[in-house]
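Observations on the model geometry
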Amino acid sequence: MSDLSSFPITQRWPAQHPELLQLYSLPTPNGVKVSIMLEELGLPYEVHLIDIGKNESWTPEFLSLNPNGKIPAIIDPDGPDGKPLALFESGAILLYLAEKTGKFLPSDPARRYQTIQWVFFQMAAIGPMFGQVGFFHKFAGREIEDKRPLERYQNESKRLLGVLETRLEGRQWIMDDEYTIADIATLGWVRNLVGFYGAGDLVDYASLKNVPAWLERGLARPAVQRGLDIPKRP
Ligand SMILES: N[C@@H](CCC(=O)N[C@@H](CS)C(=O)NCC(=O)O)C(=O)O
């Protein structure tokens, strides 16, 4: 029987099934990367809703798991050497799950690194830039009169979409015919930019061909649809 009682987060969010992987998340573009991955893998897991709107990710219990105060985070009771492993940062979690299961990460060394490269591209560029567009276009930053910050992130996001558009030319997925953690990392962000953030016009999404087709292919996957809604918001 797994014992996760040494993880303080379990005091506030108790594990009903400590033998299962524990996911602490909310269906945001970063959160859904992990729920989509777990759904794609068919791994059993227990999910805990962390309400970032109520600052729950800044509670001492959550910070004990992720000192950076952000979802998603996991505890895998069956980590390396059979010992529990706690992890934060969605890119690291995707890599860990891919290596643990041998899925969604090519085994060929060159293709493996290329996949990781595109995951880093999402983590370092797509996520932070699209997130800033969200802030300055949809959330509190809308009120700021000086539009230069919005323009800066808007232009950069448009440019990044262009990089993705070029990469997807003649390809089904970011890594050709292989659906990988690079797609899983990126789909939710593009969907959010043109959906929830309502920034499609700002980044001239209508002028793209490959990215919308790729997004549609991704959203047609049942595991993606399920993962986008896990955990259910209250
Ligand atoms: N680089 C991190 C970013 C995580 C992140 O920014 N999470 C957001 C939700 S999408 C969050 O928890 N925000 C809560 C807050 O900052 O208060 C990752 O990919 O895991």
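What you are looking at is a predicted structure, and each value in this text was computed from that prediction instead of being measured.

**Notes on the overall build of the protein**
Scanning the protein for helices and strands turns up nine helices and four strands. N-terminal to C-terminal, the α/β element order of the protein is α-β-α-β-α-β-β-α-α-α-α-α-α. For the protein, the C-alpha radius of gyration of 18 Å lies close to 17 Å, the compact-globule estimate for 234 residues. Referenced to the eigenvectors of the C-alpha coordinate spread, the extents of the protein come out at roughly 55 × 45 × 25 Å. Across the 234 residues that make up the protein, the buried fraction comes to 50%. Of the roughly 11300 Å² that the protein leaves accessible, carbon and sulfur atoms contribute 52%. For the protein, the distance from the average position of its 25 positive side-chain charges to the average position of its 29 negative side-chain charges is 3 Å.

**Quick notes on the domain arrangement of the protein**
Taken domain by domain, the protein consists of domain 1 (9-103) and domain 2 (109-225). Its C-alpha centre places domain 1 at a distance of 23 Å from the equivalent point of domain 2. Every contact between the two is made by 15 residues of domain 1 and, on the other side, 15 residues of domain 2. Summing both sides of the interface, domain 1 and domain 2 together bury roughly 1300 Å²; the carbon and sulfur share of this comes to 71%. The three residues of domain 1 that bury the most area against domain 2 are P29, I36 and E40, which together make up 40% of that side's buried surface. Where domain 1 packs against domain 2, one counts five residue pairs in polar contact (both at pLDDT 80 or more). Broken down by class, the residue content of the side of domain 1 that touches domain 2 amounts to seven nonpolar, three polar and five charged.

**With respect to the packing of aromatic side chains**
If you walk through the whole model with that rule in mind, you get nine aromatic pairs. Ring geometry for F135 versus F136: centroids 4.9 Å apart, planes at 90 degrees, classification edge-to-face. The partly exposed category is assigned to F135, whose relative accessible area is 35%. Ring centres 5.7 Å apart and planes at 15 degrees place the aromatic pair F136 and Y153 in the stacked group. With F136 in helix α5 (residues 109-137) and Y153 in helix α6 (residues 148-167), the pair connects residues that are 17 residues apart, well separated along the chain.

**Here's the deal with the sheet that holds strand β4 (residues 85-88)**
Reading across from one edge, β2-β1-β3-β4 is the order of the four strands in this open sheet, with mixed pairing throughout. Unpaired on one side and paired on the other, β2 (45-49) and β4 mark the two borders of the sheet. If you compare each strand with its neighbour and ignore which way they point, the axes differ by 15 degrees on average. Here three bridges tie strand β1 (residues 21-25) to strand β3 (residues 73-76), and the two strands are oriented antiparallel to one another. Counterpart to Q22 in the pairing with β3 is I75.

**So, α5**
Along its 29 residues, α5 runs 40 Å from first to last C-alpha, staying within 8% of the 42 Å computed at 1.5 Å per residue. At Q122, α5 shows its maximal bend, which comes to roughly 35 degrees.

**What to know about the pattern of salt bridges**
Following the criterion strictly, the structure yields 14 salt bridges and no others. Linking D176 and R111 is a salt bridge whose minimum nitrogen-to-oxygen distance equals 2.8 Å. Note that D176 is positioned in the loop between α6 and α7 (181-194) and R111 in helix α5, a separation of 65 residues in sequence. The class for D176 is partly exposed, based on a relative accessible area of 26%. One network of salt bridges, in which partners are shared, links R111, R171, D176 and E178.

**Considerations on the site of the ligand**
What surrounds the ligand is the set T28, N30, K33, I52, S57, W58, K70, I71, P72, E89, S90 and M123. One of the side-chain nitrogen or oxygen atoms of W58 is found 2.8 Å away from an oxygen atom of the ligand. Within the side chain of S90, one N or O atom sits 2.6 Å away from an oxygen atom of the ligand. For the ligand, whose free accessible area comes to 520 Å², the fraction covered by protein is 78%. Partitioning the shell around the ligand into residue classes produces five nonpolar, four polar and three charged.

**Description of a nonpolar patch on the surface**
On the surface, F135, F139, I144 and F196 cluster together to form a nonpolar patch covering roughly 350 Å² of accessible area. With respect to the helices, strands and loops of the structure, F135 is situated in helix α5.

The rules we used
- Residue numbering note: each chain is counted from 1, following its sequence as written.
- Owing to the predicted nature of the model, reporting of local features is limited to residues with pLDDT of at least 70; listing and counting of side-chain atom pairs is limited to 80 or more, with chain, interface and lining totals taken over all residues.
- Excluded from the side-chain calculations are hydrogens and water; all other atoms, namely the structure's heavy atoms, are used.
- We count a stretch as a helix when DSSP gives it H or I for four or more residues in a row; a strand needs E for two or more, and each element gets its number in order from the N terminus.
- A radius of gyration in this sense is built from C-alpha atoms; the matching globule rule multiplies 2.2 Å by the number of residues raised to 0.38.
- Type-normalised accessible area, obtained with a 1.4 Å probe on protein chains alone, sets the label of each residue: buried when under 20%, exposed when over 50%, and partly exposed for intermediate values.
- To be clear on the numbers: accessible area is Shrake-Rupley with a 1.4 Å probe, and residue cover counts the displayed protein chains and nothing else.
- We count Lys and Arg on the positive side and Asp and Glu on the negative side, and we leave His and both chain ends out.
- Where a charge sits is defined by one atom per residue type, namely NZ (Lys), CZ (Arg), CG (Asp) or CD (Glu).
- Note that domain bounds follow an automatic or database assignment of domains.
- Between two residues, a contact is recorded if the distance between any of their heavy atoms is within 4.5 Å.
- Throughout, the accessible surface (probe 1.4 Å) given up by two parts as they are put together, summed over both, is called the buried area.
- Each polar contact in these results corresponds to two N or O atoms within 3.5 Å; when the atoms are within protein, one needs to be able to donate a hydrogen and the other to accept it, and residues that are neighboring in sequence are counted only if both atoms are side-chain atoms.
- Polar here means any residue other than Ala, Val, Leu, Ile, Met, Phe, Trp, Tyr, Cys and Pro, which are nonpolar, and Asp, Glu, Lys and Arg, which are charged; Gly is therefore polar.
- For Phe, Tyr and Trp, rings pair up if their centres lie within 6.5 Å, where Trp contributes its six-membered ring, and each pair is then called stacked (planes under 30 degrees apart), edge-to-face (over 60) or tilted (otherwise).
- Strand pairing is defined by DSSP finding a minimum of two bridges between the two strands.
- Between the N-to-C directions of two axes lies an angle of 0 to 180 degrees, each axis being a line fitted to C-alpha atoms and, for a helix, fitted only over the stretch in contact.
- What a helix is expected to span follows from its residue count: subtract one and scale by 1.5 Å.
- Given a residue, its bend is the angle between the two axes fitted to the seven residues that end at it and to the seven that start from it.
- Salt bridge, as used here: a side-chain nitrogen of Lys or Arg that lies within 4 Å of a carboxyl oxygen of Asp or Glu.
- Think of it this way: one heavy atom of a residue within 4 Å of a molecule or strand is enough to make that residue near it.
- For patch building, the residue pool is restricted to those with more than 30% relative accessible area and no salt bridge; the joining distance is 9 Å between like charges and 5 Å between nonpolar side chains (Val, Leu, Ile, Met, Phe, Trp, Tyr).

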